[in-house]
Amino acid sequence: MEPPPSRYRVVERGRRLEVIDTRATAVPAARSAPAVASPSLAGTPPARSSAATGRSLTTMRLYDEKAPRIVRLDADGTATLGRMRLLASVIALAWLLATIWQPWLGVLPLFLLARNGLGATIRRRITRWLDRYEIAKP
C-alpha cells in the first residue's frame, strides 16, 4: 500500500525555498501585485490597527456574554485594557505564589468566583464596558 500524496510542495524561487500548500483554496498572489479586498470583507475592520486609530479586539466567551464579536477600542479603551491586563497578570502571579506557598490557597479563588455568581457579575460588567465599542459580529 502506498502512502497518500503530500499536502505540501517545496519549490525553489530566486534562490529561496518556498512551501506551497496544495490543498489551499486561494491561489497565492504575486508579491509585487497589490492586494485587492473582496467585497464581502470591505466593511470589516482589520484584525489589528495602528496605535493612532485605536485597536481592534475579538472577544471570547470566557469574559464576554455576547462573544465572539469585534470591538474597536479608542485610546482610552486601549489604555484601560492595558491596565486591566497588567492587573490580571499581577493577580495571577500572586495566586501562583500563594499556591506554591500553601496549595489550598490555589483553590480559594475558584470558590470565590463560583460563590453568589461573582464570575457572572464580572462577565456582565465586562460585557457592558465592551458594548460601548462594538463594531460587528464575525
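Refer to the structure above for everything that follows.
So, a few notes on the structure that sits alongside this text. Every value quoted in this text rests on a predicted model; they were computed, and no experiment measured them. (Residues numbered from 1 in each chain as written. Predicted model: local features only at pLDDT ≥ 70, side-chain atom pairs only at ≥ 80, totals over all residues. Heavy atoms only, no water.)

1. Considerations on the overall build of the chain
And step 1. Helix and strand counts for the chain come out as three helices and five strands.
And step 2. Order of helices (α) and strands (β) in the chain, N terminus to C terminus: β-β-β-β-α-α-α-β.
And step 3. Looking at the chain residue by residue over its 138 residues, the buried ones come to 15%.
And step 4. Partitioning the intrachain contacts of the chain with sequence separation of at least 6 by distance along the chain shows that 46% fall at a separation of at least 24. (Helix = DSSP H or I, 4+ residues; strand = E, 2+ residues; numbered from the N terminus. Buried < 20%, exposed > 50% of the residue type's maximum accessible area, 1.4 Å probe, protein only. Contact = heavy atoms within 4.5 Å.)

2. Remarks on the side chain of Arg69
And step 1. Looking at where Arg69 falls in the secondary structure, it is placed in the loop between β3 (55-58) and β4 (70-73).
And step 2. The class of Arg69 is buried, set by a relative accessible area of 0%.
And step 3. Here the side chain of Arg69 touches Thr127 through a polar contact of 3.4 Å, landing on its backbone oxygen. (Polar contact = N/O pair within 3.5 Å; in protein donor to acceptor, adjacent residues only side chain to side chain.)

3. Focus: unusual backbone geometry
And step 1. At the junction of Ala67 and Pro68, the peptide bond is cis and its omega measures out at -5° in the coordinates.
And step 2. In this structure, Pro68 sits in the loop between β3 and β4.
And step 3. Phi is positive for Arg15, close to 65°, though the residue is something other than glycine.
And step 4. Its location among the elements puts Arg15 in the loop between β1 (8-13) and β2 (16-21).

4. Some remarks on the pairing of β1
And step 1. Summarising the sheet, β1 and β2 pair through six bridges and their orientation is antiparallel. The residue bridging Arg13 from the neighbouring strand is Arg16, located in β2.
And step 2. Once β1 ends, the chain turns through two residues before running back antiparallel as β2, passing Gly14 with a positive phi of about 60°. (Pairing = 2+ DSSP bridges.)

5. Some remarks on the pattern of salt bridges
Any two side chains of opposite charge can pair, on the condition that their charged atoms come close.
And step 1. For the coordinates displayed, the defined rule picks out five salt bridges.
And step 2. With a shortest N-O distance of 3.2 Å, Arg13 and Glu18 are connected by a salt bridge.
And step 3. Assessed through its relative accessible area of 48%, Arg13 is described here as partly exposed.
And step 4. The residue Asp131 makes a salt bridge to Lys66 at a minimum N-O spacing of 3.2 Å. Within this pair, whereas Asp131 is found in helix α3 (residues 118-131), its partner Lys66 is found in the loop between β3 and β4, the two being separated by 65 residues in sequence.
And step 5. Note on Asp131: relative accessible area 29%, which makes it partly exposed.
And step 6. Look at Lys66 and you get partly exposed, because its relative accessible area is 37%.
And step 7. Beyond isolated ion pairs, a larger network of salt bridges with shared partners links Asp64, Lys66, Arg69 and Asp131. (Salt bridge = Lys/Arg side-chain N within 4 Å of Asp/Glu carboxyl O.)

6. Here's the deal with the nonpolar core
And step 1. Among the nonpolar cores identified, the biggest contains six residues, and these are Leu57, Val71, Leu73, Leu81, Leu130 and Tyr133.
And step 2. Excluding residues that lie within four positions of it along the chain, Leu57 makes contacts with Arg69, Ile70, Val71, Leu73, Leu81, Arg85 and Leu130. (Core = buried A, V, L, I, M, F, W, Y, C linked by side-chain atoms within 4.5 Å.)

7. Remarks on the side chain of Ser56
And step 1. Relative to the elements of secondary structure, Ser56 occurs in strand β3.
And step 2. Looking at Ser56, its side chain comes within polar contact range of the side chain of Arg72, at 3.5 Å.

Scope: geometric values only; no functional claims are made or implied.
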